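Okay, here's what each chain looks like letter by letter:
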Amino acid sequence: MAKRKGLFASVARRPSHKPAKLLPKSTEGIPGPSPNPATNFMLADVAIRAGSYLARRGVEKGLLAGRYGKDTAKDIVINKTLGQSLISFALARLATRSVPGALVVGGGALAKSLLDRRKNRLSAKAEGDAKLLDQARDD
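Residues numbered from 1 in each chain as written. Predicted model: local features only at pLDDT ≥ 70, side-chain atom pairs only at ≥ 80, totals over all residues. Heavy atoms only, no water.

Participant: Please clarify how the overall build of the protein should be interpreted in this entry.
Facilitator: A count of helices and strands for the protein gives seven helices and zero strands. Sequence-ordered secondary structure for the protein, helices as α and strands as β, is α-α-α-α-α-α-α. Contacts spanning at least 24 positions in sequence make up 40% of the contacts within the protein whose residues lie at least 6 apart. When the accessible surface of the protein is split by element, carbon and sulfur atoms take 64% of a total near 11800 Å². (Helix = DSSP H or I, 4+ residues; strand = E, 2+ residues; numbered from the N terminus. Contact = heavy atoms within 4.5 Å. Areas by Shrake-Rupley, 256 points an atom, 1.4 Å probe, with all protein chains shown as cover.)

Below, the structure written as structure tokens:
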């Protein structure tokens, strides 16, 4: 029998499914508050999402506080509409899923920035200020 050579030599001899190696030998020493690894995974996911939510809110408030003050920045972030949140979530998801998605979202952001720069600087600032201050007044 001839010896196999090349890239596929080792791949051809491997079984496609090894369930015995996928499962842990014992559940002793599983880190986390629960002995159930699925529960620990879910709790870690919740903690990460909550932390990113708090960090995002802090960054949003920090960016707005310099121009509008702490209280107005807080009102702007709190009064963000569901549509604004969904659009930003969808765009972020699209941008992180694939390179073409990142190019589309990045290209759109670049186009919007160039459009805003093309407008008169004062009118662009006034338009943005009016929009954010109106959002802060909504209760």
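Participant: Help me understand the environment of Asp-138, please; the structure alone is not making it clear to me.
Facilitator: Examined against the element boundaries, Asp-138 turns out to sit in the segment after helix H7 (121-137). With 63 residues separating them along the chain, Asp-138 and Asp-75 place their C-alpha atoms 8.4 Å apart.

Participant: Is there a simple way to think about the side chain of Asn-79 in this case?
Facilitator: Mapped onto the elements, Asn-79 comes out in the loop between helix H4 (70-78) and helix H5 (82-97). At 3.0 Å, the side chain of Asn-79 forms a polar contact with the backbone oxygen of Gln-135. (Polar contact = N/O pair within 3.5 Å; in protein donor to acceptor, adjacent residues only side chain to side chain.)

Participant: I would appreciate a short explanation of the pattern of salt bridges in the present structure.
Facilitator: Note that side chains of opposite charge can pair when their charged atoms are close. Overall, the coordinates contain three salt bridges when judged by the stated rule. A salt bridge links Asp-45 to Arg-49, with the shortest nitrogen-to-oxygen separation between them at 3.2 Å. Residue Asp-45 and its partner Arg-49 are located together in helix H3 (residues 37-68), separated by four residues, close to a single helical turn. For Arg-49, a relative accessible area of 52% corresponds to the exposed category. Between Arg-67 and Asp-129 there is a salt bridge, and its shortest N-O distance comes to 2.8 Å. With a gap of 62 residues between them, Arg-67 in helix H3 and Asp-129 in helix H7 connect regions that are remote in the sequence. With relative accessibility at 48%, the residue Arg-67 sits in the partly exposed group. (Salt bridge = Lys/Arg side-chain N within 4 Å of Asp/Glu carboxyl O. Buried < 20%, exposed > 50% of the residue type's maximum accessible area, 1.4 Å probe, protein only.)

Participant: Looking at this model, I keep getting lost on the packing of H3 against H4. Mind explaining?
Facilitator: The description of two packed helices rests on the angle between their axes and on the distance between the axes. The N-to-C vectors of H3 and H4 enclose an angle of 135°; their axes lie 8 Å apart at closest approach. With respect to each other, H3 and H4 are oriented oblique. Handedness of the H3/H4 crossing: right-handed. Residues Arg-57, Glu-60, Lys-61, Leu-64, Ala-65 and Tyr-68 of H3 form the contact with H4, whose participating residues are Lys-70, Thr-72, Ala-73, Lys-74, Ile-76, Val-77 and Ile-78. Each residue belonging to the contact of H3 with H4 can be placed in one class, and the counts come to seven nonpolar, one polar and five charged. (Axes fitted to C-alpha atoms, helices over the stretch in contact; angles between N-to-C directions. Parallel < 35°, antiparallel > 145°, perpendicular 65-115°, else oblique. Left-handed = near helix turned anticlockwise from the far one by under 90°. Nonpolar A, V, L, I, M, F, W, Y, C, P; charged D, E, K, R; others polar.)

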